[in-house]
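# Structural description and commentary
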Amino acid sequence: MLFFRDNLCKLEDENAEHMPIGFEVAFPSLLEIAKKLDIEVPYDSPVLQEIYASRNLKLTRLFHYTNFSHNCVSYISCILYDN
């Protein structure tokens, strides 16, 4: 976790165009897994809040503008939130 904390600030300076496709969706899912494992993550960090906001915006657009069946939405939700 020391590496994570020491390098978290580098995400602030990172150009979003250089991040892997879906990073803003996948990374918060990894953080939620860490939370379940009682790994301390600075969730109040502005950069993490920005990533979560970006994820929420992307998922809102995805669900709003795409005609997903209920089963597909449930499946995606299960993957993202490990429900």
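See the structure printed just above.
Bear in mind the structure is a predicted one, so any value in this text is a computation, not a measurement.

If you tally the helices and strands in the chain, you get 4 helices and 0 strands. In the chain, which comprises 83 residues, the share counted as buried stands at 28%. A separation of at least 24 residues holds for 54% of the contacts in the chain among residues at least 6 apart in sequence. For the chain, the computed accessible surface area is about 6300 Å², with 59% contributed by carbon and sulfur atoms.

Restricting attention to buried positions, one finds in helix α1 (residues 2–13) the residues Phe4, Leu8 and Leu11. On an axial view of α1, the arc spanned by its buried residues comes to 55 degrees, and they lie on one face. Across α1 from its buried face, at more than 90 degrees, point the exposed residues Leu2, Phe3, Lys10 and Asp13.

Before going further, it helps to spend a moment on a negative patch on the surface. Together, Glu12, Asp13, Glu14 and Glu50 make up a region of like negative charge exposed at the surface. Note on placement: Asp13 falls in helix α1.

As a further point, take the pattern of salt bridges. For the structure shown, the criterion picks out 1 salt bridge. One salt bridge connects Glu24 with Lys58, and the closest N-O pair in it is separated by 2.3 Å. Taken as a pair, Glu24 in helix α2 (residues 23–36) and Lys58 in helix α3 (residues 46–65) lie far apart in primary sequence, 34 residues in all. A relative accessible area of 15% means that Glu24 is categorised as buried.

Turning to the layout of surface pockets, a few remarks are in order. Empty pockets left among the atoms are what a rolling probe the size of a water molecule brings to light. By volume, the largest pocket is sized at about 270 Å³. Counting only elements with at least two residues in the lining of the largest pocket, the list comes to α1, α2 and α3. Across the lining of the largest pocket, the residue classes tally to 8 nonpolar, 1 polar and 4 charged.

This part takes up the packing of aromatic side chains. Scanning the entire structure with this criterion turns up 1 aromatic pair. Its end group placed over the ring of Tyr43, Lys35 keeps NZ or CZ at 5.5 Å from the ring centre.

Turning next to the nonpolar core. Leu11, Phe27, Leu31, Leu48 and Ile51 are the most contacted members of the largest nonpolar core, which has 13 residues in total. Where this core is concerned, the elements lending two or more residues are α1, α2 and α3.

Calculation criteria
Residues numbered from 1 in each chain as written. Predicted model: local features only at pLDDT ≥ 70, side-chain atom pairs only at ≥ 80, totals over all residues. Heavy atoms only, no water. Helix = DSSP H or I, 4+ residues; strand = E, 2+ residues; numbered from the N terminus. Buried < 20%, exposed > 50% of the residue type's maximum accessible area, 1.4 Å probe, protein only. Contact = heavy atoms within 4.5 Å. Areas by Shrake-Rupley, 256 points an atom, 1.4 Å probe, with all protein chains shown as cover. Arc of directions from axis to C-beta. Patch = residues over 30% accessible without salt bridge, like charges linked within 9 Å, V, L, I, M, F, W, Y side chains within 5 Å. Salt bridge = Lys/Arg side-chain N within 4 Å of Asp/Glu carboxyl O. Lys, Arg positive; Asp, Glu negative; His and termini not counted. Charge placed at Lys NZ, Arg CZ, Asp CG, Glu CD. 1 Å grid on protein atoms, 1.4 Å probe; cavity = no way out; pocket = protein on both sides within 12 Å on 5 of 7 lines; lining within 4 Å. Points joined across faces, edges and corners; volume = space filled by probe spheres on them. Nonpolar A, V, L, I, M, F, W, Y, C, P; charged D, E, K, R; others polar. Phe/Tyr/Trp six-rings, centres within 6.5 Å; stacked < 30°, edge-to-face > 60°. Lys NZ or Arg CZ within 6 Å of the ring centre and 35° of its normal. Core = buried A, V, L, I, M, F, W, Y, C linked by side-chain atoms within 4.5 Å.

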